[in-house]
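Read off the chains here:
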Amino acid sequence: MENLSKDIKTVLVTKEQIAAKVKELGAQITKDYEGKDVVLVGILKGAMPFLCDLMRSIDLPVTLDTMCVSSYGNSTVSSGHVKIKKDLDKDIRGKHVIVVEDIIDTGITMSHLVPLLKERGAASVELAICLNKKERREADVYVKYVGFEIPDEFIVGYGCDYAEKYRNLPDVCVLDHKVYTKA
Ligand code: IMP
Ligand code: MG
């Protein structure tokens, strides 16, 4: 990743560390949800790499669905406003939902989404989040499955973007400041 690496300040979590953690989370989910009707709800687009890896480490007949909710646009600051841009394809009534997301920051997005999915009649709703930026939390949200605790830095890679770019970096990285000052 020679071209993309030029815009990176540091690597926070390597692809090997991610792979090991995903295996652990998948094993935990397999144990916790045995015999239950599970729907993995991936939040587009950031959750895609994590969703693809996590689902293959879960040894249960899960189904998949996706949602797209508005987040940061092209800025590095949260708007605090959540809008559904693409809704689920299937009814989740009576299903055990696991929302799969790349990163939780202020928690505002998930604090809106979890009650909404519960209102729709899901049997349970839990969160599986790859990266947790706890220091910046504004809304109180319970996250059952966490990949990594990360500091308050702007992250790209493994699904996380800056202006829709860098999602394809295999590691979790801190973006170099020169990239936003250029924009
Ligand atoms: P929250 O509502 O503040 O928790 O923000 C959640 C969403 O903001 C995440 O799903 C990401 O899409 C985006 N986000 C938060 N922090 C970062 C970051 O450091 N890099 C890229 N996207 C981020
Ligand atoms: Mg997101």
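Up top you'll find the structure we're talking about.
My aim in this report is to walk through the structure given alongside it, one point at a time. (Residues numbered from 1 in each chain as written. Chains lettered and ligands numbered in written order. Predicted model: local features only at pLDDT ≥ 70, side-chain atom pairs only at ≥ 80, totals over all residues. Heavy atoms only, no water.)

1. With respect to the site of ligand 1
So, step 1. Among the 16 residues in the neighbourhood of ligand 1, the closest are listed as Glu101, Thr106, Gly107, Thr109 and Ile155.
So, step 2. With respect to ligand 1, the side chain of aspartate 102 contributes an N or O atom lying 3.1 Å from an oxygen atom.
So, step 3. In the model, an oxygen atom of ligand 1 is placed 2.8 Å from a nitrogen or oxygen of the lysine 133 side chain.
So, step 4. Here ligand 1 loses 95% of its free accessible area of 490 Å² to cover by the protein chains.
So, step 5. Where the shell around ligand 1 is concerned, the elements lending two or more residues are strand 5 (96–104) and helix 4 (108–119). (Near = heavy atom within 4 Å. Polar contact = N/O pair within 3.5 Å; in protein donor to acceptor, adjacent residues only side chain to side chain. Areas by Shrake-Rupley, 256 points an atom, 1.4 Å probe, with all protein chains shown as cover. Helix = DSSP H or I, 4+ residues; strand = E, 2+ residues; numbered from the N terminus.)

2. So, the nonpolar core
So, step 1. Formed by 27 residues in total, the largest nonpolar core has its most connected members in Phe50, Leu54, Ile98, Val100 and Leu131.
So, step 2. When residues of this core are traced back to their parent elements, those giving at least two are helix 2 (15–32), strand 2 (38–44), helix 3 (48–55), strand 5, strand 6 (124–132), strand 7 (145–149) and strand 9 (172–175).
So, step 3. When neighbours within four sequence positions are excluded, leucine 131 is seen to be in contact with Asp102, Ile103, Ile104, Phe148, Ile150, Ile155, Cys160 and Val172.
So, step 4. Within the second largest apolar cluster, 21 residues are counted, among which are Val39, Met67, Ile92 and Leu127. (Core = buried A, V, L, I, M, F, W, Y, C linked by side-chain atoms within 4.5 Å. Buried < 20%, exposed > 50% of the residue type's maximum accessible area, 1.4 Å probe, protein only. Contact = heavy atoms within 4.5 Å.)

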